[in-house]
Amino acid sequence: MDFELSTEQAMFREVVRRFVDEQIRPVAREWEHAGRYPAEIIEAMKDLGFFGITVPEAFGGMGADTVSMALLFEEISRGWMGIAGTIGSHSLSCRMIAEHGTTDQKDRWLPALATGQVRTGIALTEPDAGSDLQGIKTRAVRQGDHYLVHGTKTWITNARHAGMLPVLVKTDPEVVPAHRGMSVLLVEADTDGFSVGRDLGKLGYRGTESCEVFLDGCRVPAANLLGDEEGVGLKQVLSGLETGRVNVAARSVGIAQEALDQALAYAKGRQAFGRPIAEFQAIQLKLADMATEVQAARLLTYYAASRIDAGGRADREAGMAKLYASEAALRASLESMRIHGGYGYSTELDIERLYRDAPLMAIGEGTNDIQKLVIARSLLAED
Ligand SMILES: Cc1cc2nc3c(=O)[nH]c(=O)nc-3n(C[C@H](O)[C@H](O)[C@H](O)COP(=O)(O)OP(=O)(O)OC[C@H]3O[C@@H](n4cnc5c(N)ncnc54)[C@H](O)[C@@H]3O)c2cc1C
């Protein structure tokens, strides 16, 4: 087995790391506390081609492998996880369209999505259905060459800046099992009846907006039905979520690594009882546990990414990576805070942001209890 990154992957990581050091780290604390939209960072990421990380080269994207995608999200999250959100659901939807879109849909959307000229996200969750996506109520009724859509989505990241949003709908609410009546519509933001509500207040994950989305008699052209096939929407979404889980696992590795790096630096410099606190065994045990968990999380994440690159589905591997890495990020941010003592609680250091950003990793792209169900299902399905 080869545990090394390829030369190209290592070089790409260096490019991202430099970008994060030069353009994200210097402003992250101030902008995050101010609730400022990181417009300049987003423009720079467009120039670097990051919005096209999952778009095939034939459509103007990077066509990068999934390990490189993981590196991108890990490195950005070391600097500020919220920034990763601006390209997170965007990348998931790009991959979903590249995999399942018709030739016309790919030609129409992918080149503009690759440059970030058009931005996107994904609209699945509703006020009364998150984990249970088959319980959504958003309804799309075919009327000639259009669908008439009614429904409400919530917690939709990037909604305000999306030029087009893939929306999970029910095209047949009667069929059993329910997923056979579910479809994805690519809804353009200027469609009559489409509107974005307020930005939802949140603990962390600032720098990207999460909003309610209303579809109120929204007339969506039938040509915007993803893949031109009704009843396969949940399947299309779940294949996208697999990559999304690697993405969240990678963000978790970034948070955990940053928490460890800051704890190490602080422990070497902080004196108590006449010596650096790094000399106390209680601190060393924490550092050793954190470093071991970061390494395990990283290996699980790169492995899941490499399984996706090898072809076929990798639900179990992606689920394990997301589950373990997000819990590792939660623990690392708390342990780093403990090592920092009172300063860890201060808004003048970054630890409190890592601590506020980590919990979302255990919720997004399927809660961790849902990951356990995915993993168990795959175990039980084995011969
Ligand atoms: C900041 C933020 C950004 C988000 N961005 C997006 C986005 O861009 N697009 C989008 O569509 N959604 C987005 N979401 C929504 C997110 O995906 C959901 O919150 C998540 O999937 C959980 O759904 P829920 O909140 O409805 O919780 P629920 O499904 O109501 O779950 C509540 C609890 O019950 C547990 N539970 C549910 N079912 C089971 C079961 N069968 N067995 C065991 N336990 C179970 C869950 O694990 C959880 O602990 C975002 C959420 C947040 C907070």
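Residues numbered from 1 in each chain as written. Predicted model: local features only at pLDDT ≥ 70, side-chain atom pairs only at ≥ 80, totals over all residues.

**Topic: the overall build of the protein**
Just so we agree on the cut-off: Only DSSP runs of H or I reaching four residues or more are called helices, and only runs of E reaching two or more are called strands; each is numbered from the N terminus. For the purpose of contact definition, each residue receives a C-beta atom placed from its backbone, and two residues are in contact when these atoms lie within 7 Å.
In terms of helices and strands, the protein carries 10 helices and 8 strands. For the protein, the spread of C-alpha atoms along the three principal axes comes to 80 × 50 × 40 Å. When contacts within the protein are restricted to residue pairs at least 6 apart in sequence, those whose partners lie at least 24 apart make up 75%.

**Regarding the environment of Thr 208**
For the record, the criterion: Whether a residue is buried, exposed or partly exposed is read from the other C-beta atoms within 10 Å of its own C-beta, which are placed from the backbone; 20 or more gives buried, 12 or fewer gives exposed, and intermediate counts give partly exposed.
In this structure, Thr 208 sits in the loop between β5 (194-199) and β6 (210-221). Thr 208 gets classed as buried once you count the C-beta atoms within 10 Å, which come to 25. Sequence separation between Thr 208 and Lys 322 is 114 residues, and the spatial gap between their C-alpha atoms is 21 Å. Beyond its immediate stretch of four places on either side in the chain, Thr 208 contacts Gly 82, Gly 85, Thr 86, Thr 157 and Asn 158.

**Quick word on the pairing of β6**
Applied cut-off: Strands are treated as partners if at least two bridges between them are detected by DSSP.
Here strand β2 (residues 146-157) pairs with β6 via 10 bridges, running antiparallel. Opposite Tyr 147, over in β6, you have Val 220 as the bridge partner. Pairing analysis gives 4 bridges linking β5 to β6, with the strands arranged antiparallel. Paired with Phe 194 across the strands is Leu 215, a residue of β6.

**Structural notes on the site of the ligand**
Condition: Being near a molecule or strand means, for a residue, that its C-beta atom, positioned from the backbone, comes within 6 Å of it. Throughout this entry, Asp, Glu, Lys and Arg are counted as charged residues, while Ala, Val, Leu, Ile, Met, Phe, Trp, Tyr, Cys and Pro are counted as nonpolar. The remaining residues, Gly among them, count as polar. Domain borders in the structure are assigned automatically or taken from a domain database.
If you check the shell around the ligand, you find 23 residues, and the closest are Leu 124, Gly 130, Ser 131, Thr 157 and Thr 367. Sorting the residues of the shell around the ligand by element identifies β2 and α10 (368-380) as the ones contributing at least two each. Here the shell around the ligand is composed, by residue class, of 10 nonpolar, 10 polar and 3 charged. Both domains that furnish three or more residues to the shell around the ligand are identified here as domain 2 (133-231) and domain 3 (235-380).

**Focus: the domain arrangement of the protein**
The domain boundaries assigned to the protein delineate domain 1 (7-115), domain 2 (133-231) and domain 3 (235-380). Contact with domain 2, which involves 7 residues of that partner, is made by 7 residues of domain 3. Class assignment of the residues belonging to the side of domain 2 that touches domain 3 gives a composition of 5 nonpolar, 2 polar and no charged.

**Focus: unusual backbone geometry**
Between Val 176 and the following residue, Pro 177, the backbone shows a cis peptide bond with an omega angle of -10°. Here Pro 177 shows up in the loop between β3 (164-170) and β4 (182-188). Of note, Trp 155 is a non-glycine position whose phi angle comes to about 65°, a positive value. Turning to its location among the elements, Trp 155 is positioned in strand β2. We classify Trp 155 as partly exposed; it has 19 C-beta atoms within 10 Å. With phi around 50°, Phe 273 is a residue other than glycine that occupies positive phi space.

**Examining the nonpolar core**
Operational definition: Think of a nonpolar core as buried Ala, Val, Leu, Ile, Met, Phe, Trp, Tyr and Cys residues chained together by C-beta atoms that fall within 7 Å.
Formed by 110 residues in total, the largest nonpolar core has its most connected members in Leu 168, Leu 185 and Ala 256. Considering each element in turn, this core owes the most residues, 15 residues, to helix α6 (residues 233-269). Once you skip the residues sitting within four places of it in the chain, Leu 185 turns out to touch Ala 140, Tyr 147, Val 149, Val 167, Val 169, Val 220, Asn 224 and Leu 225.

**Details of helix α3 (residues 66-79)**
To keep it simple, the criterion reads: In this scheme, a helix's expected span is set at 1.5 Å multiplied by one less than its residue total.
Over its 14 residues, α3 runs 21 Å from end to end, which matches the ideal 20 Å to within 8%, given 1.5 Å per residue. A large share of α3 lies buried, amounting to 14 of its 14 residues.

**A look at the environment of Arg 119**
For Arg 119, the location among the structural elements is in the loop between α5 (103-115) and β1 (139-143). Arg 119 sits in the buried class, given 23 other C-beta atoms within 10 Å. For Arg 119 and Trp 109, which are 10 residues apart along the polypeptide, the C-alpha to C-alpha distance reads 9.8 Å. With sequence-adjacent residues up to four places away left out, Arg 119 is seen in contact with His 90, Asn 158, His 161, Ala 162 and Gly 163.

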